Amino acid sequence: MIISPSIASANPLRLEEEVKRLDATLYTDLHIDIEDGHFIPNITFGMKTVKSLREVTDLPFSFHLMVSNPFDYLEEICACQPSVIFVHVEALDYPSSFVEAVQRRGIKAGLAFNPKSTIAPFQYVLSRADAVLIMTAEPDGQGQQFIPAIIEKAKQVGMAVPSIELWVDGGVTTDRLEELERIGVTHAVMGRAVFGHK
């Protein structure tokens with residue numbers, strides 16, 4: 001399983017230092033959450049910050065767009081050498097259009113699901129996507145506690161599309177990794193569990 005450190009959990013006053021610290025490790029990816037304050041209440045980074053991060057590391061960026069209008073961000077993000085771009089199905093009227101727009105640029109397209117969202121209505125598009133991200137906590141700003149019941153949802157995706165990259169994000173701790181890997185999770189986004197330790 002690949003661990004993807006989420007920079008949103010790093011010290012915001014020391015982002016350059018934190019990113020360079022990751023460069024000296026075995027991590028192969030840096031996860032960047034873009035939150036617009038509308039799709040969810042929180043705001044993380046603007047593109048100015050993202051471009052500055054791009055200047056201080058060669059790590060690939062995985063993007064998780066928690067925004068209401070994801071197509072507005074697509075061009076600038078594609079210029080930042082992303083390995084994959086996740087967009088929430090809840091923000092897409094036509095998920096296939098997003099998948100095609102990203103893949104046309106030679107980038108992996110991922111679909112993200114909030115805890116409340118079911119997989120069944122999107123089965124038709126899962127096989128076209130390169131990756132799926134299952135939120136295992138609600139982005140509530142209240143500690144984002146891991147929801148064990150969501151494991152079954154991740155398992156369903158892994159069974160439905162065995163070849164897909166299966167990501168989980170939200171409250172993931174090291175004691176969960178073995179179980180997640182057992183059900184087919186290939187990538188775990190970890191924020192506090194990474195940046196909260198020296």
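It should be emphasised that the depicted structure is a prediction, and the values quoted were computed from it without experimental measurement. (Residues numbered from 1 in each chain as written. Predicted model: local features only at pLDDT ≥ 70, side-chain atom pairs only at ≥ 80, totals over all residues. Heavy atoms only, no water.)

Caption draft 1: The arrangement of the pairing of strand β6 (residues 131-135) in detail. Where burial is concerned, most of β6 is hidden: 5 out of the 5 residues are buried. Note that strand β5 (residues 108-113) and β6 share 4 bridges and pair parallel. Across the sheet, residue F113 finds its bridge partner in β6, namely I134. As paired elements, β6 and strand β7 (residues 165-169) share 5 bridges and run parallel to each other. Residue pairing across strands places M135 opposite D169, the latter belonging to β7. (Buried < 20%, exposed > 50% of the residue type's maximum accessible area, 1.4 Å probe, protein only. Helix = DSSP H or I, 4+ residues; strand = E, 2+ residues; numbered from the N terminus. Pairing = 2+ DSSP bridges.)

Caption draft 2: Geometry of the environment of V99. Relative to the helices and strands, V99 resides in helix α4 (residues 95-103). On the basis of relative accessible area, V99 is assigned to the buried category, the value being 1%. For V99, the contacting residues outside a window of four places in its chain are A109, L111, V125, R128 and A129. (Contact = heavy atoms within 4.5 Å.)

Caption draft 3: The arrangement of the sheet that holds β6 in detail. The 8 strands are arranged β1-β8-β7-β6-β5-β4-β3-β2 in an open sheet whose pairing can be described as parallel. In the strand order of this sheet, the two ends are held by β1 (2-5) and β2 (30-35), each with one partner. Along the sheet, successive strands turn relative to each other by an average axial angle of 25°, direction set aside. As paired strands, β1 and strand β8 (residues 187-190) are joined by 4 bridges and run parallel to one another. Bridge pairing in β8 places S4 opposite V189. (Axes fitted to C-alpha atoms, helices over the stretch in contact; angles between N-to-C directions.)

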